[in-house]
Amino acid sequence: MPDAWTSWSAVVGAAQQVQATQRPPRAAAAASGKPTAPVDTAGLGAATCGAEFIEDVPDLDIVILPVGGGGWSSGLAAAIKWQRPAITIIGVEPVGADSLSRSFRSGAPEVLDKVDTIADSLGAPMAMAESLALARQYVDELIQIEDSVMARTMLLMRERLT
(Lines give C-alpha, C1' and ligand atoms only; values in the text may rest on other atoms or scores of the structure.)
Protein backbone atom coordinates (compact mmCIF):
# COMPACT_ATOMS: atom_id res chain seq x y z
CA MET A 1 0.00 0.00 0.00
CA PRO A 2 1.40 3.47 -0.85
CA ASP A 3 2.47 5.66 2.04
CA ALA A 4 1.08 9.12 2.81
CA TRP A 5 3.92 10.92 1.03
CA THR A 6 3.42 8.94 -2.18
CA SER A 7 -0.33 9.59 -2.09
CA TRP A 8 0.21 13.31 -1.51
CA SER A 9 2.70 13.43 -4.38
CA ALA A 10 0.17 11.76 -6.70
CA VAL A 11 -2.49 14.34 -5.78
CA VAL A 12 -0.01 17.20 -6.31
CA GLY A 13 0.74 15.86 -9.77
CA ALA A 14 -2.96 15.62 -10.63
CA ALA A 15 -3.61 19.15 -9.36
CA GLN A 16 -0.68 20.53 -11.37
CA GLN A 17 -2.07 18.94 -14.53
CA VAL A 18 -5.46 20.52 -13.87
CA GLN A 19 -3.87 23.88 -13.08
CA ALA A 20 -2.05 23.85 -16.40
CA THR A 21 -5.26 23.30 -18.37
CA GLN A 22 -7.97 25.24 -16.50
CA ARG A 23 -8.35 28.83 -15.40
CA PRO A 24 -9.86 29.19 -11.91
CA PRO A 25 -12.81 31.57 -11.47
CA ARG A 26 -10.80 34.16 -9.55
CA ALA A 27 -11.31 36.95 -12.07
CA ALA A 28 -15.09 36.49 -12.00
CA ALA A 29 -15.11 36.39 -8.20
CA ALA A 30 -12.87 39.44 -7.89
CA ALA A 31 -15.03 41.38 -10.35
CA SER A 32 -18.13 40.59 -8.30
CA GLY A 33 -16.47 41.72 -5.07
CA LYS A 34 -16.61 38.23 -3.58
CA PRO A 35 -13.65 36.93 -1.57
CA THR A 36 -11.22 34.65 -3.36
CA ALA A 37 -9.26 31.73 -1.96
CA PRO A 38 -5.57 32.42 -1.37
CA VAL A 39 -4.51 29.33 -3.34
CA ASP A 40 -6.14 27.11 -5.93
CA THR A 41 -4.81 23.87 -4.46
CA ALA A 42 -6.67 23.55 -1.18
CA GLY A 43 -6.98 19.81 -1.64
CA LEU A 44 -3.26 19.21 -1.48
CA GLY A 45 -3.00 19.53 2.30
CA ALA A 46 -6.08 17.38 2.72
CA ALA A 47 -4.42 14.62 0.69
CA THR A 48 -1.97 13.95 3.50
CA CYS A 49 -4.86 13.64 5.96
CA GLY A 50 -6.72 11.29 3.60
CA ALA A 51 -3.67 9.11 3.07
CA GLU A 52 -3.01 8.84 6.78
CA PHE A 53 -6.69 8.22 7.51
CA ILE A 54 -6.92 5.27 5.14
CA GLU A 55 -3.66 3.85 6.48
CA ASP A 56 -5.19 3.89 9.98
CA VAL A 57 -8.60 2.55 8.92
CA PRO A 58 -8.02 0.53 5.73
CA ASP A 59 -11.09 -1.73 5.79
CA LEU A 60 -13.76 0.78 4.86
CA ASP A 61 -16.37 0.40 2.13
CA ILE A 62 -17.73 3.96 2.22
CA VAL A 63 -16.30 7.31 3.30
CA ILE A 64 -18.64 10.28 3.76
CA LEU A 65 -16.95 13.67 3.49
CA PRO A 66 -18.20 17.19 4.20
CA VAL A 67 -18.09 19.48 1.17
CA GLY A 68 -17.57 23.24 1.10
CA GLY A 69 -15.98 24.41 -2.14
CA GLY A 70 -14.50 20.97 -2.69
CA GLY A 71 -10.85 21.57 -1.77
CA TRP A 72 -10.74 19.56 1.44
CA SER A 73 -13.04 16.79 0.23
CA SER A 74 -11.34 16.42 -3.17
CA GLY A 75 -7.90 16.10 -1.59
CA LEU A 76 -9.13 13.52 0.92
CA ALA A 77 -11.03 11.63 -1.78
CA ALA A 78 -8.06 11.59 -4.16
CA ALA A 79 -5.67 10.21 -1.57
CA ILE A 80 -8.18 7.65 -0.29
CA LYS A 81 -9.11 6.45 -3.79
CA TRP A 82 -5.47 6.35 -4.83
CA GLN A 83 -4.79 3.86 -2.06
CA ARG A 84 -8.17 2.07 -2.11
CA PRO A 85 -9.92 2.55 -5.50
CA ALA A 86 -12.90 0.37 -4.52
CA ILE A 87 -13.99 2.63 -1.65
CA THR A 88 -17.14 4.64 -2.34
CA ILE A 89 -16.70 8.35 -1.60
CA ILE A 90 -19.85 10.35 -0.86
CA GLY A 91 -19.66 14.12 -0.53
CA VAL A 92 -22.30 15.92 1.54
CA GLU A 93 -22.91 19.61 0.83
CA PRO A 94 -25.32 22.14 2.36
CA VAL A 95 -28.13 23.22 0.01
CA GLY A 96 -27.39 26.86 0.86
CA ALA A 97 -23.73 26.57 -0.11
CA ASP A 98 -23.81 24.34 -3.16
CA SER A 99 -20.90 25.63 -5.24
CA LEU A 100 -19.52 22.15 -5.94
CA SER A 101 -22.92 20.69 -6.89
CA ARG A 102 -23.54 23.59 -9.26
CA SER A 103 -20.06 23.12 -10.68
CA PHE A 104 -20.70 19.39 -11.20
CA ARG A 105 -23.86 20.24 -13.15
CA SER A 106 -22.31 22.97 -15.30
CA GLY A 107 -18.94 21.31 -15.78
CA ALA A 108 -17.11 24.49 -14.77
CA PRO A 109 -16.23 26.18 -11.46
CA GLU A 110 -19.19 28.18 -10.17
CA VAL A 111 -19.30 31.27 -7.96
CA LEU A 112 -22.33 31.61 -5.66
CA ASP A 113 -24.32 34.83 -5.44
CA LYS A 114 -25.21 34.04 -1.84
CA VAL A 115 -24.17 31.57 0.86
CA ASP A 116 -26.91 30.67 3.32
CA THR A 117 -26.18 27.78 5.69
CA ILE A 118 -25.68 27.07 9.38
CA ALA A 119 -22.56 25.11 8.41
CA ASP A 120 -20.16 28.04 8.47
CA SER A 121 -17.10 25.97 7.62
CA LEU A 122 -18.84 24.54 4.53
CA GLY A 123 -19.97 27.90 3.18
CA ALA A 124 -17.44 28.34 0.40
CA PRO A 125 -18.57 30.97 -2.13
CA MET A 126 -16.94 29.13 -5.03
CA ALA A 127 -15.48 25.89 -6.27
CA MET A 128 -11.94 26.08 -7.64
CA ALA A 129 -10.94 24.42 -10.93
CA GLU A 130 -8.51 22.00 -9.30
CA SER A 131 -10.99 21.01 -6.61
CA LEU A 132 -13.72 20.44 -9.17
CA ALA A 133 -11.50 18.28 -11.38
CA LEU A 134 -10.30 16.14 -8.48
CA ALA A 135 -13.81 15.81 -7.03
CA ARG A 136 -15.26 14.78 -10.40
CA GLN A 137 -12.59 12.11 -10.66
CA TYR A 138 -12.67 10.77 -7.09
CA VAL A 139 -16.05 11.58 -5.47
CA ASP A 140 -18.57 8.90 -6.44
CA GLU A 141 -21.70 10.70 -5.29
CA LEU A 142 -22.48 14.23 -4.19
CA ILE A 143 -25.60 14.85 -2.12
CA GLN A 144 -27.08 18.00 -0.66
CA ILE A 145 -28.76 18.36 2.71
CA GLU A 146 -30.94 21.07 4.20
CA ASP A 147 -29.87 22.99 7.29
CA SER A 148 -32.82 21.51 9.18
CA VAL A 149 -31.36 18.02 8.69
CA MET A 150 -27.98 19.19 9.97
CA ALA A 151 -29.59 20.84 13.00
CA ARG A 152 -31.56 17.69 13.91
CA THR A 153 -28.46 15.56 13.46
CA MET A 154 -26.37 17.84 15.69
CA LEU A 155 -29.03 17.67 18.38
CA LEU A 156 -29.22 13.88 18.10
CA MET A 157 -25.43 13.58 18.35
CA ARG A 158 -25.37 15.88 21.39
CA GLU A 159 -28.04 13.80 23.11
CA ARG A 160 -26.53 10.42 22.31
CA LEU A 161 -22.81 11.11 22.50
CA THR A 162 -22.66 13.02 25.78
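Draft legend 1. View of the nonpolar core. Counting 18 residues, the largest nonpolar core has V63, L65, A77, I80, I87, I89 and L100 as its most contacted members. Secondary structure elements with two or more residues in this core: helix 3 (43-56), strand 1 (62-66), helix 4 (71-83) and helix 6 (129-138). Setting aside its immediate chain neighbours within four residues, I89 contacts V63, L65, A77, I80, K81, Y138, V139, D140 and E141.

Draft legend 2. Seen up close, the confidence of the model for the protein chain. When pLDDT is averaged across the protein chain, the result is 81; 73% of the residues are at 70 or more. Note on residues 34-40: pLDDT is under 50 here. Beyond four places in sequence and across chains, it has 21 contacts.

Draft legend 3. Molecular detail of the pattern of salt bridges. Taken as a whole and judged by the stated rule, the model has 2 salt bridges. Note that D140 is salt-bridged to K81, the shortest N-O span being 2.8 Å. Note that D140 is positioned in the loop between helix 6 and strand 3 (141-145) and K81 in helix 4, a separation of 59 residues in sequence. Residues D98 and R102 are paired through a salt bridge, measuring 2.8 Å at the closest nitrogen-oxygen approach.

Criteria and thresholds
- Residues numbered from 1 in each chain as written.
- Predicted model: local features only at pLDDT ≥ 70, side-chain atom pairs only at ≥ 80, totals over all residues.
- Heavy atoms only, no water.
- Core = buried A, V, L, I, M, F, W, Y, C linked by side-chain atoms within 4.5 Å.
- Buried < 20%, exposed > 50% of the residue type's maximum accessible area, 1.4 Å probe, protein only.
- Helix = DSSP H or I, 4+ residues; strand = E, 2+ residues; numbered from the N terminus.
- Contact = heavy atoms within 4.5 Å.
- pLDDT = per-residue confidence, 0-100.
- Salt bridge = Lys/Arg side-chain N within 4 Å of Asp/Glu carboxyl O.

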